[in-house]
Amino acid sequence: MLKISFLFVPFRKKFVGNRYRETALFHSLWKRLPGRKQPKGLYYFFTDKSQELESCSKQITGHNTSIEDKSAIDSKNDGVTCEESNKLSAKCLKQVLKRVEKEDITKEYFQSRGIPPSLLVARKACKDEQLQRTLASVLSEYATNSSSTKNVDRIQRMTTTENSDQKGDEVTMACLPVLAKYLEEKYPKQVHAQHRILKVVDFSHPEDWYPLARDIKRKVILHIGPTNSGKTHAALEALRAAQSGIYCGPLRLLAWEIHERLNKGDENHHSVPCDLLTGQEQTEIPNAQHISCTVEMTPVYKRFQVGVVDEVQLLGDNERAWAWTRAILGLAVEELHLCGDPSSENIVRKLINRTQDSLSVQYYERLSSLTVEENRLTSLQQLQAGDCLVAFSKADLFKWKVDIERETGLNCSVIYGGLPPEVRRQQSIQFNNSNSSDRILVATDAIGMGLNLNIRRVIFSSLLKFDGKEVCSLSPSQVRQIGGRAGRFGSLFPDGLITAVNQEDLEYIRQTFSGKLAPVSQAGLFPTADKVQLFAEEKAIGRSSFSSIWDEMASLAQVDGTFFLCSFENVKARAQAIEDLPLSIETKYILCMCPVDMDIPRQSVAFSEFSRELAFEGCVRLTKAMRQVYPAENWKDMNDLESTYKILDIYLWLAQRFKDAFVDIENATMLRSKCCKVLQNCLNSRKLAKSFDSKKTRLSKGKKR
Ligand SMILES: Nc1ncnc2c1ncn2[C@@H]1O[C@H](COP(=O)(O)OP(=O)(O)OP(=O)(O)O)[C@@H](O)[C@H]1O
């Protein structure tokens, strides 16, 4: 219940007092239509609705609107505000309803004016306030123009339906065309303008956004399999053999890895010159016809022979999914290889059906065994080199590290998402090294993707994770992704094992691996810069109310069942931070896409400072505080360093887009690698252990939850 109210409160809040409330209201009405067909010209009905309903009220009840209401209308030179207008509408409507309920107005009254009695029944049956308003206006339409009776039969039929929800929807559906016609005649200018706006936010055919790709009949090969099944390997073989090609991966770490692998070559492959393109980096390798990039950077304006998009199950990710949708629909390649887990098959089929490319699916099995152990881990002494203990907070990770190192004498490498990718990679190399026969890994779910790890056994210390807002259980897909890291074909430990610290968790893991993954059902979309720009122009939204664009676009956007709109929350938070700056919409859009976590004060302050300097000075420099990289010995120092790294990273991300303004690129790059070195030293230092007060092993505390 709590969760539901969280979802609904902001949603409703969005409508109250919003000057675009009417538009949103009608949007919510037509969304109820099967197939969500957009009724022409619906949106402006309530722009003048106080007067409209006033006259409607007068017609039906025979009374004028109260003096009090009238004075509210008259007191505004430019008409009433929407909020007032809504209040007035409600009052007028109430009057109408009251009179009808008192039977002051009889069926005969309506019939004599050509109003079908079924409409009255429909209105009474309908508890939804929005629908009541719609119906009230339809009543008024009938009262003034009895020739508009095309829908009478439909309405009559629908209002006799038993199910009241269905009744409400069908009544809405029947009323909308009447309303639409009426509005188009009454407010032609506004309706026309509204049509143009709706065209901008019509996201029902995103496949048409990529004409270069649509010019090619692409051959799409979908590689479906669990982790460690060789699907990426197969796709990369095709990439290497191509004259030109592009790899699009979910992480910088993966983009780096493919970039290096192609450039180096190995005993079975000659080297292939390959550029690197990530949010923060861009290389120019001589003669390179290949690119390895992070999926958000996918160039859809350039042709390649072969494209590879990795981890396509992320088409369902709430925040980043748009990048996969864009890459899959937009890559202008002759041959497109998509790699994903079994949950991605349905949605990829739907997308390729839209692009009308050819699709073949290749299925893969794991290359080596993966076994869920019978017994849970009961003592740290049971740990062996090659084990990976998974925990979900940084504090937990370090406590485990300290306990393990003290009690077993084994050394722990550490990997978590907050560490710079360079450090994550160094820690993984250290762990993989075949000479380190005393190595354990303690890690968060950051090991799930992007690192080649030689793990013998994955041990879940918990299945609960804090996602930034609340503590929630890992999904079956996450459990499989993390657990599947145990055992790697061709490594020291080809056969993988999985266990847990808690018995209940172990049971859950067993069930997860024996069940099927729920399919990803929709692919994410996000408005492109030009759509945002056009929308702002049509709506005459100035630079100063940039942050309002996102809610308005979300409320009007037309997205069909194959797609969903990715979350706007982070983008909105960034938009609010730069709201008052004299920057173009285009520049503000770029700033909003910057990967800053606005919930972290140091990051949000730095982002605001960079944006302000960009707007007012045209030259952005690192501050003194951002240049300070001191040796770290404890928990707090580490946090500071991670934070400094992230700020330098944001600086370099922005520098890629505003090269002339961000003049400290060299310095930032140098400081960023210094941060990595210090962090790496700190992680390997025994001094770190002293910053934790962990006298007892965590395994000796209650295991059975
Ligand atoms: N035919 C092959 N010959 C040699 N090595 C292979 C072959 N197939 C796969 N491998 C190796 O096995 C490992 C797993 O393969 P790959 O990364 O392609 O799996 P995957 O299914 O994409 O899994 P994940 O999604 O976990 O990355 C890699 O180290 C890869 O190089």
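Model, not experiment: these values are computed from the prediction. (Residues numbered from 1 in each chain as written. Predicted model: local features only at pLDDT ≥ 70, side-chain atom pairs only at ≥ 80, totals over all residues. Heavy atoms only, no water.)

1. A few points about the overall build of the protein
Scanning the protein from N- to C-terminus turns up 28 helices and 17 strands. Every one of the 705 residues in the protein was classed for burial, and the buried ones make up 53%. Contacts in the protein between residues at least 24 apart in sequence constitute 74% of all its contacts with a sequence separation of at least 6. Surface exposure of the protein reaches about 32,500 Å², of which carbon and sulfur atoms provide 51%. (Helix = DSSP H or I, 4+ residues; strand = E, 2+ residues; numbered from the N terminus. Buried < 20%, exposed > 50% of the residue type's maximum accessible area, 1.4 Å probe, protein only. Contact = heavy atoms within 4.5 Å. Areas by Shrake-Rupley, 256 points an atom, 1.4 Å probe, with all protein chains shown as cover.)

2. Section: the packing of aromatic side chains
Taken as a whole and judged by the stated rule, the model has 13 aromatic pairs. Centroid distance Phe546 to Trp550: 5.9 Å. Interplanar angle 85 degrees. Geometry classified as edge-to-face. Here Phe546 matches Trp550 in class, with each residue buried. When the centroid spacing of 5.0 Å and the interplanar angle of 70 degrees are considered together, the rings of Tyr651 and Phe662 count as edge-to-face. Placement of Tyr651 in helix α26 (residues 635–657) and of Phe662 in the loop between α26 and α27 (665–684) is noted, with a sequence separation of 11 residues between them. (Phe/Tyr/Trp six-rings, centres within 6.5 Å; stacked < 30°, edge-to-face > 60°.)

3. Structural notes on unusual backbone geometry
Despite not being glycine, Asn228 has its phi angle at roughly 60 degrees, a positive value. Counting through the fold element by element, Asn228 comes out in the loop between β1 (219–224) and α13 (231–241). Overall, the relative accessible area of 10% leaves Asn228 in the buried class. Residue Gln356 is not a glycine yet carries a positive backbone phi of 60 degrees.

4. Focus: the packing of helix α19 (residues 476–483) against helix α20 (residues 503–514)
Any two packed helices are characterised by how steeply their axes cross, that is the angle between the axes, and by the distance between the axes. Two numbers describe how α19 lies on α20: the axes approach to 10 Å, and their chain directions differ by 95 degrees. The pairing of α19 with α20 is recorded here as roughly perpendicular in orientation. Along the contact surface, α19 presents Pro476, Val479, Arg480 and Gly483, while α20 presents Tyr508, Ile509, Thr512 and Phe513. Looking at the contact of α19 with α20 residue by residue, the class counts come to five nonpolar, two polar and one charged. (Axes fitted to C-alpha atoms, helices over the stretch in contact; angles between N-to-C directions. Parallel < 35°, antiparallel > 145°, perpendicular 65-115°, else oblique. Nonpolar A, V, L, I, M, F, W, Y, C, P; charged D, E, K, R; others polar.)

5. Some thoughts on the site of the ligand
Taken together, 13 residues lie around the ligand, and Asn228, Ser229, Thr232, His233 and Arg485 are the ones closest in. Ser229 is positioned with one of its backbone polar atoms (N or O) 2.9 Å from an oxygen atom of the ligand. Within the contact set of the ligand, an oxygen atom lies 2.7 Å away from a side-chain nitrogen or oxygen of Arg485. Burial of the ligand by the surrounding chains reaches 73%, relative to a free accessible area of 610 Å². By residue class, the composition of the shell around the ligand is three nonpolar, six polar and four charged. (Near = heavy atom within 4 Å. Polar contact = N/O pair within 3.5 Å; in protein donor to acceptor, adjacent residues only side chain to side chain.)

6. Comments concerning the pattern of salt bridges
Within this structure, the stated rule accounts for 25 salt bridges. Note that Arg457 and Asp387 form a salt bridge whose closest N and O atoms lie 2.7 Å from each other. Residue Arg457 is found in strand β12 (residues 457–460), and its partner Asp387 is found in strand β9 (residues 387–390); the two are separated by 70 residues along the sequence. Arg457 sits in the buried class, given a relative accessible area of 7%. Between Glu642 and Lys394 there is a salt bridge; the shortest N-O distance is 2.8 Å. Highlighted residues: Glu642 in helix α26 and Lys394 in helix α17 (residues 394–408), separated in sequence by 248 residues. (Salt bridge = Lys/Arg side-chain N within 4 Å of Asp/Glu carboxyl O.)

7. Notes on the packing of α17 against α26
Between α17 and α26, whose axes approach to 13 Å, the crossing angle comes to 135 degrees. Here α26 runs oblique to α17, going by the angle between their axes. For the element pair α17 and α26, the recorded crossing hand is right-handed. Between α17 and α26, the residues in contact are Lys394, Ala395 and Phe398 and Trp635, Met638, Asn639 and Glu642, respectively. (Left-handed = near helix turned anticlockwise from the far one by under 90°.)

8. With respect to α13
Turning to α13, its buried residues are Lys231, Ala235, Leu236, Ala238, Leu239 and Arg240. For α13, the elements touching its buried residues are β1, β2 (245–249), α14 (252–264), β4 (290–294), β5 (303–309) and β6 (332–340).

9. Things to note about the state of the cysteines
Each disulfide consists of one covalent bond between the sulfur atoms belonging to two cysteines. The final tally for this structure, using the stated rule, is zero disulfides. Of all cysteine sulfurs in the structure, the one in Cys675 sits closest to Cys682, which takes part in no disulfide; the separation is 12 Å. (Disulfide = S-S within 2.5 Å.)

10. Re the sheet that holds β6
Ordered in space as β3-β4-β2-β5-β6-β1-β7, the seven strands form an open sheet in which the pairing is parallel. Of all strands in the sheet, those bounded by a partner on one side alone are β3 (274–277) and β7 (358–363). Ignoring strand direction, the axes of neighbouring strands in this sheet form an average angle of 15 degrees. By the bridge criterion, six bridges tie β1 to β7 in an arrangement that is parallel. Among the inter-strand pairings, Ile221 is bridged to a residue of β7, identified as Ser360. (Pairing = 2+ DSSP bridges.)

11. Quick word on a nonpolar patch on the surface
On the surface, a cluster of nonpolar side chains totalling about 290 Å² of accessible area is made up of Leu464, Phe466 and Val471. As for its placement among the helices and strands, Leu464 is situated in strand β13 (residues 464–466). (Patch = residues over 30% accessible without salt bridge, like charges linked within 9 Å, V, L, I, M, F, W, Y side chains within 5 Å.)

12. Regarding the nonpolar core
Among the nonpolar cores identified, the biggest contains 120 residues, and Val309, Leu338, Trp550, Phe610, Leu654 and Phe662 are the most heavily contacted of them. When residues in this core are grouped by element, the largest group, 11 residues, is from α26. Residues in contact with Leu338, not counting those within four places in the same chain, are Val220, Ile221, Leu222, His223, Val309, Val312, Ile328 and Val348. Within the second largest apolar cluster, 28 residues are counted, among which are Leu276, Val372, Val458 and Leu463. (Core = buried A, V, L, I, M, F, W, Y, C linked by side-chain atoms within 4.5 Å.)

13. Some words on the side chain of Arg456
As for its position among the elements, Arg456 is in the loop between β11 (439–443) and β12. Only 3.2 Å separates the side chain of Arg456 from the side chain of Asp387, close enough to count as a polar contact.

14. So, the pairing of strand β15 (residues 496–500)
Within a regular beta strand, the side chains point alternately toward one face of the sheet and then the other, so they alternate between its two faces. Burial runs high along β15: four of the five residues are buried. With three bridges connecting them, strand β8 (residues 370–372) and β15 associate as parallel partners. What sits directly across from Val372, in β15, is Ile498. Pairing of β12 with β15, which is carried by four bridges, proceeds in the parallel orientation.

15. Things to note about the sheet that holds β15
The strand order across the open sheet formed by six strands is β8-β15-β12-β9-β11-β10, and the pairing between neighbours is parallel. Edge positions in the sheet fall to β8 and β10 (411–415), since each of these pairs with one other strand and no more. Looking at each pair of strands side by side, their axes are set apart by 20 degrees on average, direction ignored. Against the sheet, α19 engages β8, β9, β12 and β15, with an angle of about 140 degrees to β12.

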